[in-house]
Amino acid sequence: MGSFLLIPLVFVGLIILFSSLFIVKQQTAVIIERFGKFQSIRHSGLHIKIPLVDRIAARLGLKIQQLDVVVETKTLDDVFVKLKVSVQYVVLREKVYDAFYKLEYPHDQITSFVFDVVRAEVPKMKLDDVFVKKDDIAIAVKRELQEYMSEYGYDIIKTLVTDIDPDAQVKEAMNRINASEREKIAAQFEGDAARILIVEKAKAEAESKRLQGQGIADQRREIARGLEESVEVLNKVGINSQEASALIVVTQHYDTLQSIGEETNTNLILLPNSPQAGSDMLNNMVASFTASNMIGEQMKKTNPKKGPTGK
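## Comments concerning the overall build of the chain
In step 1: Along the chain, the regular secondary structure elements total eight helices and eight strands.
In step 2: Counting all 311 residues of the chain, 22% fall into the buried class.
In step 3: Considering only residue pairs separated by 6 or more positions, the chain has 62% of its internal contacts joining residues 24 or more positions apart.
In step 4: Here the chain displays about 22,500 Å² of accessible surface, and carbon together with sulfur accounts for 58% of that area.

This is how it looks when you write it as structure tokens:
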């Protein structure tokens, strides 16, 4: 009879023993209450509590946590925009009591402060400034949260504005403006490139013409020098200047005919090819020179030079 009573007592004893033992994980704080009143705070390790008297009221994590808050507000230029603010916070180890007993819903409190600060800062800025000064918004949020939440055992590690999402129509308009600006810049570059090509082409053509003219001048100079040397050689063998000129003209005439005849793809050209043709060309040239000289002499006689007094 006694053995049957012992078994339930042992079983109840084991239950009481196991219920009095509890484990607290690393980076965790456990709040113990006795008859509904705060008793102690236990940190990582194996702990004992009085069964049926002490109870675990809460387990608070001491790791860094993150809360994402999406706030919709209006900018200074009347554009509605959504901002996503990420708040990283942690429960202070030495203020676990305040974090549990002073603040009922920490997430709601943080969210309310984020809404209040963002809706106070963003309406002061234009949309473009919101993108540029998003760090200033994050700093303002952290400053307000840090001042308020530290009283309740929370430390604000960092606040980040992780997303700025304007209205869809505004984004489309901004994309069109950006595309137009880029097209304008591209057109300017294309115009500059075309202008440079035209200028360089004109410079190249001018240089080509200059070199071509220089080549023609050099060619004519050498021809004249050759003719002069030929006349001097012919004069030495008793041929006067007129006869030498006739001989040179006839020789060049036949050289030209020979050069034209050697080209298979040359267009049809009709030229006189008799020996008399060279003589005729020479006579015409001499007659032209003679007439030109006579006209010049006549002009000198009819228009004498005036003296210093103009008479």
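Right, picking up where we left off after that structure.
## Some words on the pairing of strand 1 (residues 21–24)
Successive residues of a regular strand alternate their side chains across the two faces of the sheet.
In step 1: In strand 1, alternate side chains face the same way, and those of Phe-22 and Val-24 are buried while those of Leu-21 and Ile-23 on the opposite face are not.
In step 2: Bridge count for strand 1 against strand 4 (residues 45–48) is four bridges, and the pairing is antiparallel. Each residue of the ladder has a partner; that of Leu-21, found in strand 4, is Ile-48.

## Things to note about the confidence of the model for the chain
In step 1: Here the chain averages 79 in pLDDT, and 74% of its residues register 70 or above.
In step 2: Per-element confidence in the chain is highest for strand 2 (residues 28–34), whose mean pLDDT is 93, and lowest for helix 7 (residues 241–262), whose mean pLDDT is 64.
In step 3: Low pLDDT, under 50, characterises residues 306–311; the stretch is placed with one contact to residues that sit more than four places away or in other chains.

## As for helix 5 (residues 134–149)
In step 1: Compared with the 22 Å implied by 1.5 Å per residue over 16 residues, the 22 Å span of helix 5 between its first and last C-alpha is a close match.
In step 2: Those residues of helix 5 not exposed but buried are Ile-137, Ala-138, Ala-140, Val-141, Leu-145 and Met-149. Buried residues of helix 5 fall within an arc of 160° about the axis and therefore sit on the same side. Among the exposed residues of helix 5, those pointing more than 90 degrees away from its buried face are Ile-139 and Glu-147.
In step 3: Residues of helix 5 that are buried in the fold lie against strand 7 (80–91), helix 3 (106–121), helix 4 (127–132) and strand 8 (154–166).

## Comments concerning the packing of helix 3 against helix 5
In step 1: Where helix 3 contacts helix 5, the axes come no closer than 9 Å and their chain directions differ by 140°. Relative to helix 5, helix 3 is oriented oblique. Taken as a pair, helix 3 and helix 5 cross one another with a handedness that is right-handed. In this structure, helix 3 uses Gln-109, Ile-110, Phe-113, Val-114, Val-117, Val-118 and Glu-121 to contact helix 5, whose residues at the interface are Ile-137, Ala-140, Val-141, Glu-144, Leu-145, Tyr-148 and Met-149.

## Quick notes on the environment of Ile-31
In step 1: Among the structural elements, Ile-31 can be located in strand 2.
In step 2: For the pair Ile-31 and Tyr-97, spaced 66 residues apart in sequence, the C-alpha to C-alpha distance is 7.9 Å.

## Overview of the sheet that holds strand 6 (residues 65–74)
Hydrogen bonds between backbone atoms are what pair the strands of a sheet, whose relative direction is either parallel or antiparallel.
In step 1: The strand order across the open sheet formed by three strands is 6-7-8, and the pairing between neighbours is antiparallel. The strands lining the two open edges of the sheet, one partner per strand, are strand 6 and strand 8. The mean angle between the axes of side-by-side strands here comes to 20°, regardless of whether they run parallel or antiparallel.
In step 2: Sheet analysis places strand 7 next to strand 8, joined by eleven bridges and oriented antiparallel.

## Quick notes on the sheet that holds strand 5 (residues 54–61)
In step 1: With respect to topology, three strands assemble into an open sheet ordered 3-2-5, the strand pairing being antiparallel. On the outer flanks of this sheet lie strand 3 (37–42) and strand 5, each paired with one strand and no other. The average undirected angle you get between the axes of adjacent strands in this sheet is 25°.

## Regarding the nonpolar core
In step 1: Formed by 37 residues in total, the largest nonpolar core has its most connected members in Leu-83, Val-114, Val-118, Ile-137 and Leu-145.
In step 2: Going through the elements one at a time, strand 2, strand 6, strand 7, helix 2 (96–101), helix 3, helix 4, helix 5 and strand 8 are the ones with two or more residues in this core.
In step 3: For Leu-145, the contacting residues outside a window of four places in its chain are Val-87, Ile-110, Phe-113, Val-114, Ser-150, Ile-156 and Thr-159.

## Let's talk about unusual backbone geometry
In step 1: Even without being glycine, Gln-27 reaches a positive phi, approximately 60°.
In step 2: Secondary-structure assignment places Gln-27 in the loop between strand 1 and strand 2.
In step 3: Notably, Leu-52 is not glycine yet its phi reads approximately 65°, a positive angle.
In step 4: Along the chain, Leu-52 turns up in the loop between strand 4 and strand 5.
In step 5: A relative accessible area of 84% means that Leu-52 is categorised as exposed.

Thresholds, definitions, all that
- Residues numbered from 1 in each chain as written.
- Predicted model: local features only at pLDDT ≥ 70, side-chain atom pairs only at ≥ 80, totals over all residues.
- Heavy atoms only, no water.
- Helix = DSSP H or I, 4+ residues; strand = E, 2+ residues; numbered from the N terminus.
- Buried < 20%, exposed > 50% of the residue type's maximum accessible area, 1.4 Å probe, protein only.
- Contact = heavy atoms within 4.5 Å.
- Areas by Shrake-Rupley, 256 points an atom, 1.4 Å probe, with all protein chains shown as cover.
- Pairing = 2+ DSSP bridges.
- pLDDT = per-residue confidence, 0-100.
- Expected span 1.5 Å × (residues − 1).
- Arc of directions from axis to C-beta.
- Axes fitted to C-alpha atoms, helices over the stretch in contact; angles between N-to-C directions.
- Parallel < 35°, antiparallel > 145°, perpendicular 65-115°, else oblique.
- Left-handed = near helix turned anticlockwise from the far one by under 90°.
- Core = buried A, V, L, I, M, F, W, Y, C linked by side-chain atoms within 4.5 Å.

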